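Chains, contacts and geometry: an overview
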Amino acid sequence: MLFASARSAALSAGLGRRAASSIALKYSNAVFSAALNKSPQVLTKVQSELNAIQSAVKSTPELSAFIHNPSLSSRDRAAGLPALYAAAGKEPSEITKNLFVVLSENGRLVETEGVIEGFNELVAGYKGELNVTITSAAPLPRDIQSRLETLLKQSQAAQQAKSLKITNKVNPAVLGGVVVDFGDKTIDLSVASRVNKLNNLLSQSV
């Protein structure tokens with residue numbers, strides 16, 4: 001089965017952009033491999049479907065509650081899947097449907113957003129794209145974002161990539177400063193990080 005490896009792994013088993021668990025990433029790799037093995041066109045279709053589902057989950061309280069509810073029975077989880085498929089489009093691919101069947105059967109629907117995030121990173125790597133997420137407590141002023149973009153474009157990772165996509169994500173928990181995620185790296189320049197370090201120092205000195 002396409003997701004056999006992800007199924008067995010799942011059964012045995014911050015502030016910035018990354019929220020995907022190691023379990024979610026196993027599903028990401030499984031669906032990415034399954035789609036790419038079909039064709040690049042299927043990979044693109046699956047990505048479009050998953051991103052549509054991601055958007056629907058974020059904008060629809062009922063869908064968000066569905067995937068985050070750990071008390072649902074296996075029957076209830078299965079019954080709710082058509083709503084996710086509907087968000088993916090009129091005729092979602094078998095790969096997309098199989099992914100959510102496995103997530104549902106393993107009680108891992110809560111990993112949906114991490115799975116999709118990890119999948120998008122794999123697709124970006126395959127296409128030679130570098131996705132950069134700048135997380136700040138409030139939307140960055142245009143001049144500040146432009147200066148950060150200029151600096152990021154000078155990085156070795158950006159110069160090796162075919163294209164660079166920069167997104168500003170807002171998270172009030174950052175308090176101030178920024179957290180920059182790109183590739184497999186994170187640069188934490190947030191006030192929250194400095195507060196945490198101070199708290200740790202104070203707790204150690206007591």
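The sections below set out a description of the structure shown in this document. (Residues numbered from 1 in each chain as written. Predicted model: local features only at pLDDT ≥ 70, side-chain atom pairs only at ≥ 80, totals over all residues. Heavy atoms only, no water.)

Here we look at the pattern of salt bridges
- Counting across every chain of the model gives 3 salt bridges.
- Across the pair glutamate 49 and lysine 45 runs a salt bridge, and its minimum N-O distance is 2.9 Å. Of the two residues, glutamate 49 and lysine 45 both sit in helix 3 (residues 40-59), 4 residues apart, roughly one turn of that helix.
- A residue is classified by how much of its surface remains accessible, and glutamate 49, at 3% relative accessible area, is buried.
- By relative accessible area, lysine 45 is classed as partly exposed at 37%.
- For the salt bridge of lysine 97 with glutamate 94, the shortest nitrogen-to-oxygen distance reads 3.1 Å. Of the two residues, lysine 97 and glutamate 94 both sit in helix 6 (residues 94-105), 3 residues apart, roughly one turn of that helix.
- Overall, the relative accessible area of 24% leaves lysine 97 in the partly exposed class.
- On the accessibility criterion, glutamate 94 (51% relative accessible area) is exposed. (Salt bridge = Lys/Arg side-chain N within 4 Å of Asp/Glu carboxyl O. Helix = DSSP H or I, 4+ residues; strand = E, 2+ residues; numbered from the N terminus. Buried < 20%, exposed > 50% of the residue type's maximum accessible area, 1.4 Å probe, protein only.)

Examining the nonpolar core
- Judged by nonpolar contacts, the single largest core of 31 residues is most densely connected at Leu84, Leu99, Phe100, Leu109 and Phe119.
- Every element with two or more residues in this core is listed here: helix 2 (22-38), helix 3, helix 4 (61-67), helix 5 (74-88), helix 6 and helix 7 (112-127).
- A total of 7 residues in this core trace back to one element, the largest contributor, which is helix 2.
- By size, the runner-up hydrophobic cluster in this structure holds 12 residues, among which are Leu148, Leu152, Ala158 and Phe182. (Core = buried A, V, L, I, M, F, W, Y, C linked by side-chain atoms within 4.5 Å.)

Things to note about the packing of helix 3 against helix 6
- Two elements in contact, helix 3 and helix 6, have axes whose closest approach is 9 Å; the angle formed by their N-to-C orientations is 50 degrees. Relative to helix 6, helix 3 is oriented oblique. Counted together, Val42, Val46, Glu49, Leu50 and Ile53 of helix 3 and Ile95, Thr96, Leu99 and Phe100 of helix 6 form the full contact between these two elements.
- Considering only residue class, the contact of helix 3 with helix 6 consists of 7 nonpolar, 1 polar and 1 charged. (Axes fitted to C-alpha atoms, helices over the stretch in contact; angles between N-to-C directions. Parallel < 35°, antiparallel > 145°, perpendicular 65-115°, else oblique. Contact = heavy atoms within 4.5 Å. Nonpolar A, V, L, I, M, F, W, Y, C, P; charged D, E, K, R; others polar.)

A closer look at the packing of aromatic side chains
- Counted according to the given criterion, the structure contains 2 aromatic pairs.
- Ring centres 6.4 Å apart and planes at 70 degrees place the aromatic pair phenylalanine 32 and phenylalanine 119 in the edge-to-face group. Of this pair, phenylalanine 32 sits in helix 2 while phenylalanine 119 sits in helix 7, and the two are 87 residues apart along the sequence.
- What makes phenylalanine 119 buried here is its relative accessible area of 0%.
- For the pair phenylalanine 32 and tyrosine 126, a centre-to-centre distance of 6.3 Å together with 70 degrees between the ring planes defines the contact as edge-to-face. Separated by 94 residues along the polypeptide, phenylalanine 32 in helix 2 and tyrosine 126 in helix 7 bring together distant segments of the chain.
- Assessed through its relative accessible area of 12%, phenylalanine 32 is described here as buried.
- The structure contains a cluster of three or more aromatic residues connected by ring pairs, namely Phe32, Phe119 and Tyr126. (Phe/Tyr/Trp six-rings, centres within 6.5 Å; stacked < 30°, edge-to-face > 60°.)

Re the side chain of threonine 96
- Position of threonine 96 among the secondary structure elements: in helix 6.
- A polar side-chain atom of threonine 96 sits 2.4 Å from a polar atom in the side chain of glutamate 49. (Polar contact = N/O pair within 3.5 Å; in protein donor to acceptor, adjacent residues only side chain to side chain.)

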